[in-house]
Amino acid sequence: MAEVTMEEVSKIYGEDVLAVDSMSLDIKDGEFVVFVGPSGCGKSTALRMIAGLEDISKGKVFIGDNVVNDLPPRERDVAMVFQNYALYPHMNVRENMGFALKLRKMSKDEINRRVEEAARILSIERFLDRKPKALSGGQRQRVALGRALVREPKAFLMDEPLSNLDAKLRVQMRTEIAKLHNRIGTTTIYVTHDQTEAMTMADRIVVLKDGIVQQVASPQQMYEHPVNVFVAGFIGSPAMNFIRARLEKENGGYAVTFGQTRISLSREVIGKSEGLGQYAGKEVVLGIRPEHIEDASLTEITSDSDCVTVTPQVIESMGSEKYLYFGMDKEMAAHLESLEKLTEGEGEGADQGGAEGSGSADDFGELMVARVSAESQARIDRSLKLAVDASKIRLFDPETEKAII
């Protein structure tokens, strides 16, 4: 096992296509790190540069104490697991798993020992004499994992290994990979576009967008304290709701207003930002996760404070909970339109989204979702009050889209 370090690593295609931009990362020995982001964000390119399958345009990659920029893949002592399994169809499982060891001129006894040990760990002993075509997708992926495992590499590199599996198998294999890592403790770098995989498997998550690292943190830290709108909207399912609001001073504290709603910020929330005062009287982007909104009739709230009145357009019953999808009512839309005009007078470009965010501020608030109790009696096209947990509110700068709170 070994640490994997990236120092200002960039990948440039042609003259000006920047796929990865100055990526720096220190992955500890035995750590499970997940690269996550939308398609084209540079996560697979970064992984392939570590593996040696892509040349590095700038910067350095270390595996252990050694710079590996100029080493071919076979000399880096890493094992790659691909999404398409890459199994040899004419070989049985045993031969597939031991092929790389055979190329190393390893003895038959040692090859058999490693293959059988890996097969036992992955519960595929009974498939060792079968050809890949006789296996299910999940079984083939176990074989691909076993082929990497027998090499006893310094690091595992996994490029969306579960994307070809159905939903149930993905959950099962996600658990198997996590158990495997807990058992053998090899440094693992895992690429996915699925934030659920990232949240459930990673020791740390690296969120990328347009080749730039947005945030590196533990899953819980990233969920609770996203550094910008993009991360806040990408991590969490359903995604965080965003509403343009106005921050106002209130009895020595602060409140955010939008439409007919006024929500007082808790002391806990206010204490998380030293520079909150500079936004008083100005537009901010309010972020609140669906799970922090509840049907007000099911809470102890007795006043309209911290509540918003909405009209659900779609209701999804998930059994243990319901997702309520709603748009802005006319009063809220009119308020936000007046807020836009006011902001335009405060400074040029105040309505423009930052380069680091998920989109322009004009997109915020168009469709929102609440994750409420299954006991809710909400009905489509019938207005109801939703209670917002004010302690879970996050605020973002509408221009830079960076976190204020």
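In case you missed it, the structure is sitting above this.
Residues numbered from 1 in each chain as written. Predicted model: local features only at pLDDT ≥ 70, side-chain atom pairs only at ≥ 80, totals over all residues. Heavy atoms only, no water.

1. Some remarks on the sheet that holds strand E10 (residues 212-217)
Part 1 of the argument: Ordered in space as E6-E7-E8-E3-E9-E10, the 6 strands form an open sheet in which the pairing is mixed. Whereas interior strands pair on both sides, the edge strands pair on one side only; in this sheet they are strand E6 (78-81) and E10. Put simply, the sheet's adjacent strands are angled 15° from each other on average, direction ignored.
Part 2 of the argument: Pairing between strand E7 (residues 155-159) and strand E8 (residues 187-192): 5 bridges, direction parallel. Directly across from Phe156, in E8, lies its bridge partner Thr188. (Pairing = 2+ DSSP bridges. Helix = DSSP H or I, 4+ residues; strand = E, 2+ residues; numbered from the N terminus. Axes fitted to C-alpha atoms, helices over the stretch in contact; angles between N-to-C directions.)

2. A closer look at the packing of aromatic side chains
Part 1 of the argument: Applying the stated criterion to the full structure yields 4 aromatic pairs.
Part 2 of the argument: A centroid spacing of 5.7 Å and a plane angle of 20° characterise the contact between Phe230 and Phe234, whose relative ring orientation is stacked. One end of the pair, Phe230, and the other, Phe234, are both in helix H8 (residues 229-234), 4 residues apart, so they sit about a helical turn from each other.
Part 3 of the argument: When its relative accessible area of 6% is taken as the criterion, Phe230 is described as buried.
Part 4 of the argument: Over the ring of Phe230 we find Lys209; its NZ or CZ atom is 5.7 Å from the centre of that ring. (Phe/Tyr/Trp six-rings, centres within 6.5 Å; stacked < 30°, edge-to-face > 60°. Buried < 20%, exposed > 50% of the residue type's maximum accessible area, 1.4 Å probe, protein only. Lys NZ or Arg CZ within 6 Å of the ring centre and 35° of its normal.)

3. Details of helix H1 (residues 43-51)
Part 1 of the argument: Among the 9 residues of H1, 7 are classified as buried, and the element is accordingly described as predominantly covered.
Part 2 of the argument: Lys43, Thr45, Ala46, Leu47, Met49, Ile50 and Ala51 are the residues of H1 that are buried.
Part 3 of the argument: A positive backbone phi angle near 95° is found at Gly52, which sits one or two residues after H1.

4. Some thoughts on the nonpolar core
Part 1 of the argument: If you look at the biggest cluster of nonpolar residues, it comprises 45 residues, and the most contacted ones within it are Met97, Ile177, Tyr190 and Val207.
Part 2 of the argument: Counting 32 residues, the second largest nonpolar core, distinct from the first, contains Ala245, Phe326, Ile393 and Ile404. (Core = buried A, V, L, I, M, F, W, Y, C linked by side-chain atoms within 4.5 Å.)

5. Let's talk about the environment of Thr299
Part 1 of the argument: For Thr299, the location among the structural elements is in the loop between strand E15 (293-295) and strand E16 (307-310).
Part 2 of the argument: Thr299 sits 87 residues away from Leu386 along the chain, and the two C-alpha atoms are 9.5 Å apart.
Part 3 of the argument: Ignoring any residue separated from it by four or fewer positions in sequence, one finds Thr299 in contact with Glu294 and Ala387.
Part 4 of the argument: Here the side chain of Thr299 touches Ala296 through a polar contact of 2.9 Å, landing on its backbone oxygen. (Contact = heavy atoms within 4.5 Å. Polar contact = N/O pair within 3.5 Å; in protein donor to acceptor, adjacent residues only side chain to side chain.)

6. Here's the deal with the sheet that holds strand E5 (residues 66-67)
Part 1 of the argument: Across the sheet, which stays open at both edges, the 4 strands sit in the order E2-E1-E4-E5 with antiparallel pairing between neighbours. Of all strands in the sheet, those with a lone pairing partner are strand E2 (17-27) and E5, marking the two edges.
Part 2 of the argument: The pairing of strand E4 (residues 58-63) with E5 spans 2 bridges and is classified as antiparallel. Residue pairing in the sheet places Ile63 in a bridge with Asn66 of E5.
Part 3 of the argument: Lying on the sheet, H1 is in contact with strand E1 (4-13), E2 and E4; it crosses E1 at an angle near 115°.

7. Some points on the pattern of salt bridges
Part 1 of the argument: Per the stated rule, a full pass over the model turns up 15 salt bridges.
Part 2 of the argument: Between Arg120 and Glu117 there is a salt bridge; the shortest N-O distance is 2.8 Å. One end of the pair is Arg120 and the other is Glu117, both in helix H3 (residues 108-121) and 3 residues apart, which spans about a single turn.
Part 3 of the argument: Among the residues examined, Arg120 registers a relative accessible area of 40% and is labelled partly exposed.
Part 4 of the argument: The residue Arg262 makes a salt bridge to Glu248 at a minimum N-O spacing of 2.8 Å. Separated by 14 residues along the polypeptide, Arg262 in strand E13 (residues 261-264) and Glu248 in strand E11 (residues 241-250) bring together distant segments of the chain. (Salt bridge = Lys/Arg side-chain N within 4 Å of Asp/Glu carboxyl O.)

8. Notes on the packing of helix H4 (residues 137-149) against helix H5 (residues 167-184)
Part 1 of the argument: Across the interface, H4 lies against H5 with an axial gap of 11 Å and an inter-helix angle of 20°. Relative to H5, H4 is oriented roughly parallel. The crossing of H4 and H5 is right-handed. Between H4 and H5, the contacting residues are Gly138, Gln141, Arg142, Leu145 and Leu149 on the first element and Leu169, Gln172, Met173, Glu176, Ile177, Leu180 and Ile184 on the second.
Part 2 of the argument: Taken together, the residues of the contact of H4 with H5 sort by class into 7 nonpolar, 3 polar and 2 charged. (Parallel < 35°, antiparallel > 145°, perpendicular 65-115°, else oblique. Left-handed = near helix turned anticlockwise from the far one by under 90°. Nonpolar A, V, L, I, M, F, W, Y, C, P; charged D, E, K, R; others polar.)

9. What to know about the environment of Arg142
Part 1 of the argument: Tracing the backbone shows Arg142 in helix H4.
Part 2 of the argument: A sequence separation of 34 residues divides Arg142 from Glu176, and the C-alpha atoms of the two residues are 8.8 Å apart.
Part 3 of the argument: In this structure Arg142 touches Leu122, Ile124, Gln172, Met173 and Glu176, once residues within four positions along its chain are discounted.

10. Overview of the pairing of strand E14 (residues 283-288)
Part 1 of the argument: The element E14 is largely enclosed, with a buried count of 6 among its 6 residues.
Part 2 of the argument: Side-chain alternation along E14 places Glu283, Val285 and Gly287 on one buried face and Val284, Leu286 and Ile288 on a second face that is also buried.
Part 3 of the argument: With 6 bridges joining them, E11 and E14 adopt antiparallel strand pairing. Across the sheet, the residue bridging to Ile243 is Leu286, located in E14.
Part 4 of the argument: Examined bridge by bridge, E14 and strand E21 (residues 394-396) share 3 bridges and lie antiparallel to one another. Note that in E21 the partner of Leu286 across the bridge is Leu395.

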